[in-house]
Amino acid sequence: MSDGSSSTATNGAGTSPQAKPSTMQGNEFLYGHVVAAILIAVAIANFLIRHGTGAPTHPQTTLQIIGLIAAVALLPILRTRNRFIAPFAAVIAAFFVTFPRGPNSVQSMHVIAIVFPLVYALLLTQRQRKAAIAQAKAGGSTRPPARSARRKRSKKDEDDSSNRPKAPTPNRRYTPPKAKRAKR
């Protein structure tokens, strides 16, 4: 049974040196479950608290069901342990949970339901950025560096050097270098 954690030593940031920057490390998975629990609690509160000051005359049950489904759907998305997908899904779920209008007593919970996923998304984004920078500095890029187009052309030019003259042909845009004078 694998929980996605590495048995290798970790650096000071809590990430293993072999892990991709987009993979959740440490407590990020737990934080995601806390955010999902908050969203589920607010979605359930939308169902239970229907009366009070500012309550709509006809509750928006369909929107409340969609919000609860979105909050519960966040749990399997967290299992991907992806630092990009999980916070994005948390923000989308928070949008659907807070979309139905409720009484004034629920509105303060809606603010909490928006703030926590946004903070979670910011936290994961910053950690992913730091891990990517650290990996780039360590030279542990997951893909080989791409050769620039200029390098490809110069390599091709070296191969075709026997077919072309050494100096470029003169035209209006090109001024050939002047001959060097001897110093007096």
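Chains are numbered independently. Their residues run from 1 in the order of the written sequence. The predicted nature of this model means local features are confined to residues of pLDDT at least 70 and side-chain atom pairs, given and counted, to a pLDDT of 80 or more, with totals for whole chains, interfaces and linings taken over all residues. Here the side-chain values reflect all heavy atoms present in the structure, with hydrogen atoms and water set aside.

1. A closer look at the overall build of the protein chain
Helix and strand assignments follow DSSP, with helices taken as H or I runs no shorter than four residues and strands as E runs no shorter than two, numbered in order from the N terminus. What the protein chain contains, in helices and strands, is five helices and zero strands. Going from the N terminus to the C terminus, the protein chain shows its helices and strands as α-α-α-α-α. Buried residues are those whose accessible area, probed at 1.4 Å on protein chains only, stays under 20% of the maximum for their type, while exposed residues exceed 50% and partly exposed ones sit between those limits. Counting all 184 residues of the protein chain, 25% fall into the buried class. Within the protein chain, contacts between residues separated by at least 24 positions form 73% of all contacts whose residues are at least 6 apart in sequence. Element-wise, carbon and sulfur atoms account for 60% of the exposed surface of the protein chain, whose accessible area totals about 13,500 Å². In this description, contact between two residues means that some pair of their heavy atoms is separated by no more than 4.5 Å. Calculation of accessible area relied on Shrake-Rupley with a 1.4 Å probe; when residues are assessed, cover is drawn exclusively from the protein chains displayed.

2. A short note on the nonpolar core
Take the buried Ala, Val, Leu, Ile, Met, Phe, Trp, Tyr and Cys residues and link them wherever side-chain atoms come within 4.5 Å; each set so joined is a nonpolar core. Membership of the largest hydrophobic core comes to 21 residues, with the highest contact counts inside it found for Met24, Val35, Leu39, Leu74, Leu78, Val97 and Tyr120. Elements with a contribution of two residues or more to this core: α1 (28-48), α2 (61-78), α3 (85-98) and α4 (104-138). If sequence neighbours within four positions are ignored, Met24 has contacts with Phe29, Leu78, Arg81, Asn82, Arg83, Ala86, Tyr120 and Leu124.

3. Some details on the packing of α3 against α4
With axes taken as lines fitted to C-alpha atoms, and helix axes fitted only over the stretch in contact, angles between N-to-C directions fall between 0 and 180 degrees. One way to put it is that α3 packs onto α4 with a least axis distance of 9 Å and a crossing angle of 170°. Between α3 and α4, the angle falls in the class roughly antiparallel. Across the interface between the two elements, Ala86, Pro87, Ala90, Val91, Ala94, Phe95, Val97 and Thr98 from α3 touch His110, Ala113, Ile114, Pro117, Leu118, Tyr120, Ala121 and Leu124 from α4. In terms of residue class, the contact of α3 with α4 is made up of 14 nonpolar, two polar and no charged. These descriptions rest on fixed angle ranges, namely under 35 degrees for roughly parallel, over 145 for roughly antiparallel, 65 to 115 for roughly perpendicular, and the rest for oblique. Residues were grouped as follows: Ala, Val, Leu, Ile, Met, Phe, Trp, Tyr, Cys and Pro as nonpolar; Asp, Glu, Lys and Arg as charged; and all remaining residues, including Gly, as polar.

4. With respect to unusual backbone geometry
Note: most peptide bonds trans; most residues except glycine with negative phi. In this structure, Arg81 is a non-glycine residue whose phi angle is positive, near 55°. With respect to the helices and strands, Arg81 occurs in the loop between α2 and α3. Given a relative accessible area of 18%, Arg81 falls into the buried group.

5. Observations concerning the side chain of Thr98
Tracing the backbone through its elements, the reader meets Thr98 in helix α3. Within the local environment of Thr98, its side chain forms a polar contact with the backbone oxygen of Ala94, the two atoms lying 2.8 Å apart. Counted as a polar contact is a pair of N or O atoms within 3.5 Å, where, for protein atoms, one must be capable of donating a hydrogen and the other of accepting one, and residues adjacent in sequence contribute only when both atoms are in side chains. From its side chain, Thr98 meets the backbone oxygen of Phe95 in a polar contact 3.3 Å long.

6. Here we look at the pattern of salt bridges
When a carboxyl oxygen of Asp or Glu is within 4 Å of a side-chain nitrogen of Lys or Arg, the pair counts as a salt bridge. Scanning all chains against the criterion turns up two salt bridges. With its nearest N and O atoms 2.9 Å apart, the salt bridge here joins Glu28 to Arg83. Taken together, the positions of Glu28 in helix α1 and Arg83 in the loop between α2 and α3 put the pair 55 residues apart, joining distant regions of the chain. Residue Arg127 is joined to Glu28 by a salt bridge in which the shortest nitrogen-to-oxygen separation is 3.2 Å. One end of the pair, Arg127, is in helix α4; the other, Glu28, is in helix α1, and 99 residues separate them in sequence. Judged by its relative accessible area of 31%, Arg127 falls in the partly exposed class. One network of salt bridges, with partners in common, ties together Glu28, Arg83 and Arg127.

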